[in-house]
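For reference, the chains in residue letters:
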Amino acid sequence: MTRFFVLGPLECRSANRTVRISGTLQRALLATLLAAEGIPVAVNSLVSELWGDTPPPRWENALQAHISRLRRRIDAVSDDRSTRLIVEHSGYCLQTAEDAVDAKVFMREFDYARFLGTTDPRTAAGMLRDALSLWRGRAFDLVIQGSLCRTVAQRYETARVVALETLFDLELKSGRHTDIIPKLSELVEAPSLNERFCEQLMIALYRSGQQARALNSYVQMRDRLDVELGVEPTVTLRNLFNAILNHHEALRLGADHAVLRT
């Protein structure tokens, strides 16, 4: 089965070997068709994705040439014909097998893990770890992206962050607070200023017997928010700081820390 990887640099593999898709426009075309997730992409949208507002004089011929070249490359490596680049009345469509695109696998596993997390947090956490392991970098990295690719890439990136937040909540529920401290510390120091990660780190540190460090994590986030954005921490984060000072019962091992968010 031909597989496509978009959660990082764009790659195509067949029979455990990498299929080379060369050329900036060929890669942009493939990325656009994959971003559409099996829905036909109109010709004018493809032109915009490949050339923006300055298509070449004979863009119809140029687009058809790129379509034909990509179709031949895919047909040459797709032995089971599960992957096909087809033309429909509304545009061009790349059909793939259900598990052929890493982003689709990630989104499916993420959705199921969130559903399972309410009854089986340990199993759900394991599923999320496996799903997150599919990421190799930024979505559609190293591809010149048009508006469609940028929109879909942002959707995947947002889902990745939410998946991480969900994973750490599940890990805290499962008593794995010590194990997640290194990764959470790394994420809290990242440029994104994610307060949910800070919240989870504070709880993990507190449950690991590091109350002073948990409080210091809040102070550092508060100072960064003030300097970089000119805002205060959310009410949730401020309340958590006070909860740690007062040893709130929801911070105990086995308790549901999520109640502090309300």
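Above this text sits the structure in question.
Residues numbered from 1 in each chain as written. Predicted model: local features only at pLDDT ≥ 70, side-chain atom pairs only at ≥ 80, totals over all residues. Heavy atoms only, no water.

Some remarks on the overall build of the protein chain
How we decide: Helix numbering and strand numbering both begin at the N terminus, where a helix is a DSSP run of H or I of at least 4 residues and a strand a DSSP run of E of at least 2. Accessibility here uses a 1.4 Å probe with only protein chains present; expressed as a share of the type maximum, an area under 20% marks a residue as buried, one over 50% as exposed, and anything in between as partly exposed. By definition in these notes, contact holds between two residues if any of their heavy atoms fall within 4.5 Å. For the purpose of charge, His is not counted, nor are the chain termini; Lys and Arg are scored as positive and Asp and Glu as negative. For the purpose of locating charges, the reference atoms are NZ of Lys, CZ of Arg, CG of Asp and CD of Glu.
In terms of regular secondary structure, the protein chain is built from 10 helices and 5 strands. Out of the 262 residues in the protein chain, the part that is buried amounts to 45%. Pairs at least 24 residues apart make up 61% of the contacts formed inside the protein chain by residues separated by at least 6 positions. With 33 positive and 32 negative side-chain charges, the protein chain shows a spacing of 5 Å between the two charge centroids.

Re the pattern of salt bridges
For clarity, the threshold we go by: The rule for a salt bridge is simple: a side-chain nitrogen of Lys or Arg has to be within 4 Å of a carboxyl oxygen of Asp or Glu.
Throughout the structure, instances matching the rule amount to 18 salt bridges. Between Glu 37 and Arg 155 there is a salt bridge; the shortest N-O distance is 3.1 Å. Here Glu 37, found in the loop between α1 (24-35) and α2 (43-51), pairs with Arg 155, found in helix α6 (residues 147-173); they are 118 residues apart in sequence, far enough to count as distant. By relative accessible area, which is 31% here, Glu 37 ends up partly exposed. One salt bridge in this structure joins Asp 141 and Arg 138, with 3.0 Å as the shortest N-O distance. Using a relative accessible area of 16% as the deciding quantity, one classes Asp 141 as buried.

Comments concerning the nonpolar core
Stated formally: Nonpolar cores were defined as sets of buried Ala, Val, Leu, Ile, Met, Phe, Trp, Tyr and Cys residues, with membership established by side-chain atoms within 4.5 Å.
In terms of nonpolar packing, the biggest core is built from 83 residues, with Val 6, Leu 33, Phe 106, Phe 140, Tyr 156 and Met 202 touching the most fellow members. The dominant element in this core, judged by the number of residues it contributes, is α6, at 11 residues. Excluding anything up to four places from it in sequence, Leu 33 contacts Gly 38, Val 41, Leu 46, Leu 70, Leu 85, Tyr 92, Cys 93 and Leu 94.

Thoughts on the packing of aromatic side chains
Defined as follows: For this analysis, a ring pair means two rings from Phe, Tyr or Trp (six-membered ring only for Trp) whose centres lie within 6.5 Å, classed as stacked if their planes differ by under 30 degrees, edge-to-face if by over 60, and tilted for the remaining angles. Distance and angle both matter: a charge sits over a ring if NZ of Lys or CZ of Arg is within 6 Å of the ring centre and within 35 degrees of the ring normal.
On inspection of all chains with the given rule, the structure shows 6 aromatic pairs. Aromatic side chains Tyr 112 and Phe 115 sit 6.1 Å apart centroid to centroid with 35° between the ring planes, which places their arrangement in the tilted category. With Tyr 112 and Phe 115 both in helix α4 (residues 102-116) and 3 residues apart, the pair spans about one turn of that helix. On the numbers, 6.3 Å between centres and 15° between planes, the contact of Phe 140 with Tyr 156 is stacked. With a gap of 16 residues between them, Phe 140 in the loop between α5 (121-132) and α6 and Tyr 156 in helix α6 connect regions that are remote in the sequence. You'll find Phe 140 and Tyr 156 in the same group, each marked buried. Through successive ring pairs, a cluster of aromatic residues spans Phe 106, Phe 110 and Trp 135. The ring centre of Phe 5 lies 4.1 Å from the NZ or CZ of Arg 13, which sits over that ring.

Things to note about the packing of helix α9 (residues 211-229) against helix α10 (residues 235-245)
We count it as follows: Axes, fitted as lines to C-alpha atoms, cover a helix only where it is in contact. Angles between the N-to-C directions of the axes lie from 0 to 180 degrees. Each angle gets one of four labels, with under 35 degrees taken as roughly parallel, over 145 as roughly antiparallel, 65 to 115 as roughly perpendicular, and the rest as oblique. Handedness of a crossing is defined here by the sense of rotation of the near helix relative to the far one, left-handed for an anticlockwise turn of less than a right angle and right-handed for a clockwise turn. Each residue gets one label: Ala, Val, Leu, Ile, Met, Phe, Trp, Tyr, Cys and Pro are nonpolar, Asp, Glu, Lys and Arg are charged, and the others, such as Gly, are polar.
Close contact between α9 and α10 brings their axes to 10 Å; oriented N to C, the two are set at 155°. Taken as axis vectors, α9 and α10 run roughly antiparallel relative to one another. Along this stretch, α9 crosses α10, giving a crossing that reads as left-handed. Residues Gln 211, Ala 214, Leu 215, Tyr 218 and Met 221 of α9 form the contact with α10, whose own contacting residues are Leu 237, Arg 238, Phe 241, Ile 244 and Leu 245. The residue inventory of the contact of α9 with α10, partitioned by class, reads 8 nonpolar, 1 polar and 1 charged.

Considerations on the pairing of strand β2 (residues 11-14)
For a regular strand, side-chain orientation follows a simple rule: the groups alternate between the two sheet faces. What counts is decided by this rule: When DSSP locates at least two bridges between a pair of strands, those strands are taken to pair.
Residues of β2 alternate between two faces, with Cys 12 and Ser 14 buried on one and Glu 11 and Arg 13 left unburied on the opposite face. The hairpin formed by strand β1 (residues 2-5) and β2 contains 5 residues between the paired strands, and Gly 8 there has a positive phi angle of roughly 140°. Judged from the 2 bridges that link them, β2 and strand β3 (residues 17-18) form a sheet pairing that is antiparallel. Looking at the pairing, Arg 13 lines up with Thr 18 of β3.

Some thoughts on the environment of Leu 187
Position of Leu 187 relative to the elements: it lies in helix α7 (residues 177-188). Placed 14 residues apart in sequence, Leu 187 and Leu 201 show a C-alpha to C-alpha distance of 9.4 Å. Residues within four places of Leu 187 in sequence aside, it is in contact with Leu 164, Phe 168 and Phe 197.

Looking at α2
We apply this condition: An arc is given here, and it is the one of the directions from the helix axis to the C-beta atoms.
Taken together, the buried positions of α2 are occupied by Leu 46, Val 47, Glu 49, Leu 50 and Trp 51. Along α2, the residues classed as buried sweep out an arc of 165° about the axis, all on the same side. Looking at the buried side of α2, the elements it contacts are α1, α3 (59-77), β5 (91-95) and α6. Gly 52 sits one or two positions beyond α2 and adopts a positive phi of about 65°.

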